[in-house]
Amino acid sequence: FYFYYLHSKVTRMNSVLKPRQCANSVIVARPHYFKFNSETAGDNLFQNIVDMENSENFKDKVMHEFNRCVTSLREVDLHVSILDDIHPPVEELIDSLFPNNWFSTDRFGVIKVFPMLASNRQAEVRPEYLRALLESEGFIVNEIIDYRVQLNGILEGTGSIVKDHTNSTIYASLSSRCEWEALRSFKELSPWNIGCCFETSDRRGYPIYHTNVVLSLGDKFAVLCDQAIPDLEDRKILIERLSKHREVILISMKQMEQFCGNILEVESLTGESLVLMSKRAFENFNDNQLVSLQKFARIVAIPIPTIEDVGGGSIRCMLAENFLPRNV
């Protein structure tokens with residue numbers, strides 16, 4: 001009994017004291033009300049309107065993709081928590097499928113709540129509901145910090161800020177979802193340093209709505225669409241800084257448009273490194289890029305075509321990493 005107690009205490013202490021780049025638990029949200037969100041489509045050029053004459057068939061396709069995604073994650077021994085609505089909310093949660101935009105977690109037991117741009121996404125923000133779910137599964141929540149009342153602008157969680165956990169550094173591309181004043185305020189209120197802040201541009205000259213579409217950081221690799229950064233000096237500085245700690249895998253604008261930058265490295269409960277991506281992203285990486293990724297982790301490709309087309313986000317957008325300590 002004493003050995004078990006000691007092992008449990010050490011496990012909890014290690015999970016708190018040692019920063020990890022990759023989580024072994026994620027949080028997803030069941031998409032009961034998912035559909036094309038016209039309010040977010042103004043700056044998310046990845047979204048597409050689909051034929052919804054048969055709305056029930058559309059809902060079935062979306063739910064099938066979501067359930068298959070959860071099954072695939074659990075099959076590779078990843079813990080998955082599901083935000084679900086026992087009672088229907090007052091407003092339809094159109095984009096609740098992308099929870100990483102309104103909250104993040106850390107190893108100190110803190111849930112951080114972020115300000116989002118779209119007014120019709122505000123009903124998604126239910127931190128006490130999230131807390132109850134996670135505590136029911138043994139996770140420790142010591143505090144909830146609501147940045148909506150502290151930041152001077154919009155900053156959409158880990159969509160806007162890509163985190164280098166092991167070096168306490170964040171990377172961010174400026175857009176209507178990531179405003180400079182909000183980013184600066186976040187830096188002043190937290191222990192994070194800004195590794196690089198840069199501007200992006202898609203083929204039509206518009207800023208790319210989220211940083212995590214352009215850049216993904218794994219433990220030992222970084223996937224970056226350098227072509228999306230028009231300023232050559234910014235591009236050079238970013239690649240140099242990423243290269244200090246990681247192998248940088250560059251992707252083209254076309255690959256970025258197929259969500260090759262919207263991937264996430266996680267760690268299974270048995271310690272295996274996994275790179276999660278959509279089937280679409282997998283099919284658009286070239287052989288050399290796949291070989292580079294497979295040096296660091298096993299690739300898990302999951303088909304979510306309807307969600308990608310309508311929601312304008314891919315696997316990374318669907319997953320909120322859970323770094324909270326857990327009772328063993």
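Bear in mind that the values here come from a model prediction, so they are computed numbers and not experimental data.

Asks: Hey, could you run me through the side chain of Ser 314 in this one?
Replies: Of note, Ser 314 is situated in the loop between helix 11 (305-311) and helix 12 (315-318). Here the side chain of Ser 314 touches Ser 278 through a polar contact of 3.4 Å, side chain to side chain.

Asks: Got a minute to help me understand the pairing of strand 12 (residues 264-267) in this structure?
Replies: Successive side chains on a regular strand alternate, one facing one side of the sheet and the next facing the other. Here strand 12 runs beside strand 13 (residues 273-278); their pairing, made up of four bridges, is antiparallel. Looking across to strand 13, one finds that Val 266 is bridged to Leu 274. Between strand 12 and strand 13, which pair antiparallel in sequence order, lie five residues; one of them, Gly 271, sits at a positive phi of approximately 95°.

Asks: Is there a simple way to explain unusual backbone geometry in this structure?
Replies: Peptide bonds are, in most cases, trans, and in most cases residues other than glycine have a negative phi. In this structure, Ser 168 is a non-glycine residue whose phi angle is positive, near 50°. Locating Ser 168 in the fold gives a position in the loop between strand 6 (161-164) and strand 7 (169-174). A positive phi angle, near 70°, is found at Phe 259, a position not held by glycine.

Asks: What's the story with the sheet that holds strand 8 (residues 193-199) in this structure? I'm lost.
Replies: The strands that make up a sheet are held in pairs by hydrogen bonds between backbone atoms, and each pair lies either parallel or antiparallel. The three strands are arranged 6-7-8 in an open sheet whose pairing can be described as mixed. The open sheet is flanked by strand 6 and strand 8, the only strands paired with a single partner. Neighbour-to-neighbour, the strand axes of this sheet turn through a mean angle of 20°, independent of strand direction. As defined by bridge partners, strand 7 adjoins strand 8 across six bridges and the pair is classed as parallel. Each residue of the ladder has a partner; that of Ile 170, found in strand 8, is Ile 194.

Criteria and cut-off values
- Residues numbered from 1 in each chain as written.
- Predicted model: local features only at pLDDT ≥ 70, side-chain atom pairs only at ≥ 80, totals over all residues.
- Heavy atoms only, no water.
- Helix = DSSP H or I, 4+ residues; strand = E, 2+ residues; numbered from the N terminus.
- Polar contact = N/O pair within 3.5 Å; in protein donor to acceptor, adjacent residues only side chain to side chain.
- Pairing = 2+ DSSP bridges.
- Axes fitted to C-alpha atoms, helices over the stretch in contact; angles between N-to-C directions.

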